[in-house]
Structure formats: C-alpha cells, structure tokens
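Topology and contacts: notes
What follows is each chain in one-letter form.
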Amino acid sequence: MNAAPSIADRSGWVALAGTYRAFPQLGGDIRTDWLVIGGGFTGLAAARRLAELHPNDRIVLIDRRRLGQGASGRNSGFAVSVEMPGPGELEKPADRAAYLAHAAIHKAAGAEVKRLVTELGIACDYDAGGYIFAVRERAKFKALEERARVLNDNGTQAKILDADALKARLGIAFYSHGLWIGGGNALLQPARFAKGLIDNLPPQIECHENTEALKIAPNAGGGATVTLAQGSIKAAHAIVGLNAFMPRLGLKQGRVFPISLTASLTRPLTPAEEEEIGKVAPWGMLCPVEGGATVRLTADRRILMRNTAEYEPDGISAQMLEKRRAWHEMGLNHRFPFLPKDAIEFTWSGHMCASRNWSFVFEEVSPGIFAAGCYNGAGLARGTLLGRLIAEHAVGETSLLAENALAREKPSWVPTGPLFTLIAKMRLAHELRQARSEH
Ligand SMILES: Cc1cc2nc3c(=O)[nH]c(=O)nc-3n(C[C@H](O)[C@H](O)[C@H](O)COP(=O)(O)OP(=O)(O)OC[C@H]3O[C@@H](n4cnc5c(N)ncnc54)[C@H](O)[C@@H]3O)c2cc1C
C-alpha cells in the first residue's frame, strides 16, 4: 500500500508572519449599514475606507476563513505599479490609449500600497527597487527591445539585462535575457502586509472569521441579505471582495473564473549556499511567457518558487500538492543546483481570479451591492486600490481613478460547465508545455 501523502497546504508567508488577531464567528440575525464580504486586500481596503468616510455607520466584515489568509496571504508578493506592455500592444492609437488608461490605475495601485505601508508602519520587507522579467530561451522574450523603449518613452525606468548582467544581479546562471522594470514596482512579504492592514483596521469595524456567506440575495429596496450557516445579515449596502469566489455566490458567472496556483518557500540559505550566489541582494523574477516560473530571493534569504497555473476549480488536493512540490523542486534544481532536495519548508496553493480579456470587475452589480475583483494575478496592489475606490463609489464619491475603473471594458463572456473546464484545462496545460524551458 502507498503511504498517504503528508504534505500540509500551508502558506510560508502566513506561517512566518507571526500571530494574527482572531475574530469571532458570527451567529444570529443582524442588520447593518454596510457589509463587506471577503477579508483579502479588496475587502480590507473597502472596510477601512468606509470607516473613514462613514465613521458612525455600522460596518461588518466577514470572511469564510481567516482574514488575510486566502490568496492575499498566499501570493508571490509582487506589488505591480507598471504592467509590461504586450508585444505590439502600443502600435495602434486605441490600444495605446487603453494601455495608458490602465497604466494610471496600476501606478496609483502601487502608490496606494506604498502609502499604507508607510502611514501604518507595516514591517513587510517592502522594497521598491523594481523586479525583472527574464527568460532562459531568447526566442521566448518577444519584442524585448520594443517594450524597453516604450516603457522608457513613457517615463518608466526599464533596462535590458544580458546573461552576464543577470548572473551578477541574481547570483545564478539560468537566464539569458531580461528586462528590469522600476517605476514603483515593489516586492514585499504579502502576509505581513495583509496582517499589518488587519492589525490597523479602524476599531469600529466589526470583523468575523469562519463566517461564510452561503447565499446573497438583493433586498427589495437595495442592499443584500446574506445567509450564513447560523444566521443572516441584512445589509443596506454590501461590498463583495470575493475575487475567485464570486461565481460560487452566483456573481459574475460566465465572466470570471478561478485559476489554481501553487508555490513553495525554502528554508533560509546556509552560509555556504550564500557563497554560491555571491550574497546578492534580494530579487524578484517574473516570466514574460504565460506558464513560466515566478522566483524570488526574499529578504530573509529564502527562495520562493511558483511554476504551476491550472484550472482546478475544486482546489488542489494533498496528492496534487505533493506532485506540484516536486515540480517546484525541479525548478529550484534548474536554478540553484547546489540546493538539497529537502530545502523546501512550505508548499501551498491558492486561487487567483482571471477573465478572458484580462479585465477586472468594478461595478454596482445590483442596487446597493458593489463588487471589485478579478485582477488576473496582479491583485496585491490593484485589490488594495480598487477596494478603496469601490467603497468611495458606494458612498457616492467620485474621482478620476474611479471613473477610469468604471469605464474599463467589463470581463468578457466565457462558457460555463464542462465545455469551459475542457477548454481551460487544455489551454493552461498547453501554456505550461510551451513554457517548459522556463520552469
Ligand atoms: C500563488 C499566488 C501567487 C500570486 N502572486 C501575486 C503577485 O505576486 N502579485 C499580485 O499582485 N497578485 C498575485 N496573486 C493574486 C493575488 O493574490 C490576488 O489578486 C489578491 O489576493 C486578490 O485579493 P482579494 O482581496 O480580491 O481576494 P482574496 O485575497 O482571494 O480574498 C478573498 C477572501 O474572501 C474569502 N471568501 C471566499 N468565499 C467567501 C464566502 N462565501 N464568504 C465569506 N468570505 C469568503 C476568502 O477566504 C478570502 O479571504 C497571486 C495569487 C496566488 C494564489
């Protein structure tokens, strides 16, 4: 008989972030002025802003598990200020205008993270030194020079790095071509950032964990009634920050869908391993190829490896996670051959939310029910900003940024059911195969 897999799905970031505040489960029937559903970056930002704008209103924030420990405590910690333009994305005037409109949101999102880290004094290894997009196989980095030129023309610092420059910066010889992008792009410890937001929530916000919204129904006069396992919440207004879980509550079905990612974090490097990489400064590496690996050398001298992206709407089982960890070991071995096989300390999975046209959700879905989410893998900064903006929109405040977000094309239609499962699984498996040299 095979031994049962013993791997625990445990975010290394969360495990290393220290003790979280705990909040009681909600039971009974209550009424509130405001209900925020989902305690990730979006929900935390929305609740904070509501408390600032309407300090005397009742504000309830619920999460089906622990605040800040879903994807917000499981991501790779890239706070995106500047998206890399796609090849040819800026050639047509209409595409260029769209890129620049989105660029304003990204820039503001990165700045919002920096503002909160600074004003709240959150110790999360925030590092605004930018990060690198790189490939092993040159042919896979399409339009590298064009992208560098366009970024620099638009006032973002960007620099092409050859194999020698990459080796000097990273301490490893795996990559051949790269593009460093500054302009506010930052790295941080995501769970510590989320925990800092929770620790500093305005005191009038009533937080409840292990409180799952099972059903959301619009009220006749606006707002929503949410059914819980043991009770209900009747809210005059609701803000939904559920990201990949929106469709489970019947919201944005056929528009957005979850993608399962897995990641591993090693133990800290030993002095001998530090010598192998020349004691280089912390860095973050993304791959410009869909399906390629994300890698980081963290401030506490661990290696983060993420090289899977799959359509598994029911999540990643322990057996699947065991296999994904073997893929992470392989990716580590390609880059850090001196690391022993048992260097990984934590492995975990998480859901990000995607749409076919890379658009996000930012809207009043029915009278008094607002939603923000679906950041296509870049929700650390965007969720933090759009959570704030959706709260402002919900109370009737306007801003250029909110109008920009409202005017954005909505997520386009995707089929649901077995046909979508088939297409999505095939597409993502194809991307992983195409990016094999970059694992
Ligand atoms: C492995 C991984 C790596 C990633 N890397 C990056 C990165 O480097 N940079 C980046 O910008 N983004 C990254 N992302 C994406 C990023 O984590 C998300 O975009 C971000 O967390 C979205 O924040 P959110 O608050 O909208 O949603 P979430 O963080 O998903 O929060 C939603 C919350 O809702 C709760 N919830 C769900 N259903 C219910 C319910 N029915 N009732 C009550 N509560 C409910 C969940 O428990 C969760 O806490 C990554 C994601 C993953 C999984």
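Since this is a predicted model, take the numbers as computed values, not measurements.

A few points about the pairing of strand E13 (residues 283–286)
Residues Trp283 and Met285 point to one face of E13 and Gly284 and Leu286 to the other, with burial holding for every one of them. In the sheet, strand E4 (residues 131–135) pairs with E13 via two bridges, with the strands oriented parallel. Its bridge partner lying in E13, Ile132 is registered against Met285. Across three bridges, the pairing between E13 and strand E14 (residues 294–297) is antiparallel. Each bridged residue has a counterpart across the sheet, and for Trp283 the counterpart in E14 is Leu297.

Notes on the packing of helix H9 (residues 379–394) against helix H10 (residues 400–407)
Where H9 contacts H10, the axes come no closer than 10 Å and their chain directions differ by 95°. Taken together, the axis directions place H9 and H10 in an arrangement best described as roughly perpendicular. Contacts between H9 and H10 involve Leu385, Leu386, Leu389 and His393 from the former and Leu401, Ala402, Ala405 and Leu406 from the latter. Residues of the contact of H9 with H10, tallied by class, amount to seven nonpolar, one polar and no charged.

Points about the site of the ligand
Close to the ligand lie 31 residues; Thr42, Asp63, Ser72, Phe78 and Leu380 are nearest. Thr42 places a polar side-chain atom, nitrogen or oxygen, 2.7 Å from an oxygen atom of the ligand. At a separation of 3.0 Å, a nitrogen atom of the ligand approaches a polar backbone atom of Gly377. The protein chains hide 97% of the 990 Å² of surface that the ligand would expose on its own. When residues of the shell around the ligand are traced back to their parent elements, those giving at least two are helix H2 (41–53), strand E16 (344–355) and H9. The residue makeup of the shell around the ligand, split by class, is eleven nonpolar, 15 polar and five charged.

Topic: the pattern of salt bridges
Counted by the stated rule, this structure contains 25 salt bridges. A salt bridge links Glu392 to Arg49; its shortest N-O distance comes to 2.7 Å. Note that Glu392 is positioned in helix H9 and Arg49 in helix H2, a separation of 343 residues in sequence. Taken individually, Glu392 and Arg49 each receive the classification buried, so the pair is uniform in this respect. The partner of Arg388 in a salt bridge is Glu392, with the nearest N and O atoms 3.1 Å apart. Of the two residues, Arg388 and Glu392 both sit in helix H9, four residues apart, roughly one turn of that helix. In terms of burial, Arg388 and Glu392 fall into one category: buried. What emerges from the salt-bridge pattern is a single network uniting Arg49, Glu52, Glu112, Arg115, Glu119, Arg388 and Glu392.

Thoughts on the environment of Val117
Position of Val117 among the secondary structure elements: in helix H3 (residues 93–120). Overall, the relative accessible area of 9% leaves Val117 in the buried class. A C-alpha to C-alpha distance of 8.2 Å links Val117 and Gly196, two positions 79 residues apart in sequence. Apart from residues lying up to four places away in sequence, Val117 is in contact with Ile122, Cys124, Tyr126 and Phe193.

Some points on the nonpolar core
Core analysis: the largest hydrophobic core is formed by 55 residues, its most contacted members being Leu61, Val113, Phe193, Ile205, Ile239, Phe362 and Leu386. The leading source of residues in this core is H9, at eight residues. Those residues in contact with Ile205 that lie beyond four places of it in its chain are Ala47, Arg48, Ala51, Ile59 and Leu61.

So, helix H4 (residues 144–153)
Note on helix geometry: an α-helix contains 3.6 residues per turn, so any two residues three or four positions apart are oriented the same way. For H4, the full list of buried residues reads Leu144, Arg147, Ala148, Val150 and Leu151. For H4, the arc enclosing every buried residue in end-on projection is 165°, short of the 170-degree limit, so these residues lie on one face. Those residues of H4 that are buried lie in contact with H3, strand E5 (158–162) and strand E6 (177–181). After H4 finishes, the residue Gly155 shows a positive phi value of roughly 85°.

Some details on the packing of H3 against H10
Viewed as axis vectors pointing N to C, H3 and H10 meet at an angle of 130°, and their least axial separation amounts to 10 Å. One finds that H3 runs oblique with respect to H10. Two packed elements cross with a definite hand, and for H3 against H10 that hand is left-handed. Contacts between H3 and H10 involve Ala101, Ala104, Ile105 and Ala108 on the former and, on the latter, Leu401, Asn404 and Ala405. The class makeup of the residues in the contact of H3 with H10 is six nonpolar, one polar and no charged.

Some details on the packing of aromatic side chains
Throughout the structure, instances matching the rule amount to eight aromatic pairs. Aromatic pair Phe174 and Tyr175: ring centres 4.9 Å apart, planes at 85°, arrangement edge-to-face. Per residue, the accessibility class of Phe174 equals that of Tyr175, and both read buried. Taken together, Phe78, Tyr131 and Phe133 form an aromatic cluster joined through their ring pairs.

Points about the side chain of His439
Residue position: His439 is located in the segment after helix H11 (418–434). Note on His439: relative accessible area 9%, which makes it buried.

Reading the values: rules and limits
Residues numbered from 1 in each chain as written. Predicted model: local features only at pLDDT ≥ 70, side-chain atom pairs only at ≥ 80, totals over all residues. Heavy atoms only, no water. Buried < 20%, exposed > 50% of the residue type's maximum accessible area, 1.4 Å probe, protein only. Helix = DSSP H or I, 4+ residues; strand = E, 2+ residues; numbered from the N terminus. Pairing = 2+ DSSP bridges. Axes fitted to C-alpha atoms, helices over the stretch in contact; angles between N-to-C directions. Parallel < 35°, antiparallel > 145°, perpendicular 65-115°, else oblique. Contact = heavy atoms within 4.5 Å. Nonpolar A, V, L, I, M, F, W, Y, C, P; charged D, E, K, R; others polar. Near = heavy atom within 4 Å. Polar contact = N/O pair within 3.5 Å; in protein donor to acceptor, adjacent residues only side chain to side chain. Areas by Shrake-Rupley, 256 points an atom, 1.4 Å probe, with all protein chains shown as cover. Salt bridge = Lys/Arg side-chain N within 4 Å of Asp/Glu carboxyl O. Core = buried A, V, L, I, M, F, W, Y, C linked by side-chain atoms within 4.5 Å. Arc of directions from axis to C-beta. Left-handed = near helix turned anticlockwise from the far one by under 90°. Phe/Tyr/Trp six-rings, centres within 6.5 Å; stacked < 30°, edge-to-face > 60°.

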